[in-house]
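# Structure at a glance
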Amino acid sequence: MRIIEHTLTSLESVAAQWTDLSARADSPSLFNSWDWCHSWLESLDQDFRDQITVRLFVATGASDQWLALAPCFTARIRRSGVPFNCLQFMGGGFGVNTIYRTEFNEALYDRSVARSELDEFYDAVFGSEGWDKLVLADVINPALNSTIESQTQYRVRELETDSAYCADLSSGFDAYLKALSGSSRRQLFNKRKRLSEMGTVEVEQVTLNDWNGFVETLNEFFRHRWNIKKMLSSQRQEFLTRLCERASINDP
């Protein structure tokens, strides 16, 4: 396995290799897809885009086929008057004006890649030059912290944590509902009657032709519910439009 770094101003030239790896990946997600990362890069304010360096760490095999990818960037950040270079996964928002929060961050890798090979790949990423601070936000693999401490001289400091919840529907919805306590059932399920009294609930598929109407409806919802003047700024609208256009092309 050979590990190289690409420093690019555009992701157009690596679309084919990136998309091919996603199709073979063990844990692909929307957030480490070419569609998401390329749309994010294109939608950045030009002033900020000029200040960052896109860094793609790629592991290749004997035939130069991509086996692993860590899409990252560095940005010059100043804290308490002290400037430093911060390395983050693409879409990260530490100390910078990002667009949307990128989650479930981890390297994108072929399902044939062994754990030892993935550790070797991360060693190369964390051992790269050109950064003073590494920020790993919303990572899906908690073992990354121990990998950093064992392979570098850097100290890991946890800034904050979030909790997430999911419903276990493996035995069916009725079994899940029956297992809820009375108070949880009233909070999560019985309120559907109150919702039905407010009007008819319908599921509508939004296409790019209906995009402007959808944006206005969503913004109105946030204004009414949370007193947020505009949820989808023009920059966020541009990002989502690019993302949806690419998704419709790649998955017709």
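Heads up: the structure comes first, above all this text.
Here we summarise the structure given alongside this text. Counting starts from 1 at the beginning of each chain's written sequence and moves along it residue by residue. Totals for whole chains, interfaces and linings use every residue, but because this is a predicted model, local features are given only for residues with pLDDT of at least 70 and side-chain atom pairs only at 80 or more, for both listing and counting. Side-chain metrics in this entry use all non-hydrogen atoms of the structure; hydrogen atoms and water are not considered.

### Thoughts on the side chain of S33
Just so we agree on the cut-off: Helix numbering and strand numbering both begin at the N terminus, where a helix is a DSSP run of H or I of at least 4 residues and a strand a DSSP run of E of at least 2. Whenever two N or O atoms come within 3.5 Å, that pair is a polar contact, provided that in protein one can donate a hydrogen and the other can accept it, and provided that, for residues adjacent in sequence, both atoms are side-chain atoms.
Here S33 shows up in the loop between α1 (15-24) and α2 (34-43). Among the polar contacts listed, one links the side chain of S33 to the backbone oxygen of L30, at a separation of 2.6 Å.

### A few points about the pairing of strand β4 (residues 82-89)
Operational definition: Any two strands are treated as partners once DSSP identifies two or more bridges connecting them.
Examined bridge by bridge, strand β3 (residues 66-79) and β4 share eight bridges and lie antiparallel to one another. The residue bridging R76 from the neighbouring strand is N85, located in β4. When β4 meets strand β6 (residues 133-135), the two strands line up parallel, connected through three bridges. Along β6, the bridge assignment pairs L87 with L134.

### Quick word on the environment of N105
Here N105 is to be found in the loop between β4 and β5 (108-109). In sequence terms N105 and L136 are 31 residues apart; their C-alpha atoms lie 7.9 Å from each other. A distance of 3.3 Å separates a polar atom in the side chain of N105 from the backbone oxygen of T102.

### So, α2
The test is simple: Think of it in three bands: with a 1.4 Å probe and only protein chains considered, a residue is buried below 20% of the maximum accessible area for its type, exposed above 50%, and partly exposed in between.
Of all ten residues in α2, nine are buried, a share of seventy percent or more. Buried residues of α2: W34, D35, W36, C37, H38, S39, W40, L41 and S43, and no others.

### Concerning the state of the cysteines
Operational definition: When two cysteine sulfur atoms are found within 2.5 Å, that pair is recorded as a disulfide.
Under the defined criterion, the tally for this structure stands at zero disulfides. Take C37: it sits in no disulfide, and the sulfur closest to it among the cysteines is that of C72, at 9.5 Å. Owing to a relative accessible area of 1%, C37 belongs among the buried residues under this scheme.

### Looking at the environment of K133
Put simply, the rule is: We call two residues in contact whenever any of their non-hydrogen atoms come within 4.5 Å of each other.
With respect to the helices, strands and loops of the structure, K133 is situated in strand β6. Judged by its relative accessible area of 25%, K133 falls in the partly exposed class. C-alpha separation for the pair K133 and I77, spaced 56 residues apart in sequence, amounts to 9.7 Å. Ignoring any residue separated from it by four or fewer positions in sequence, one finds K133 in contact with F84, N85, C86, L87, F94 and R157.

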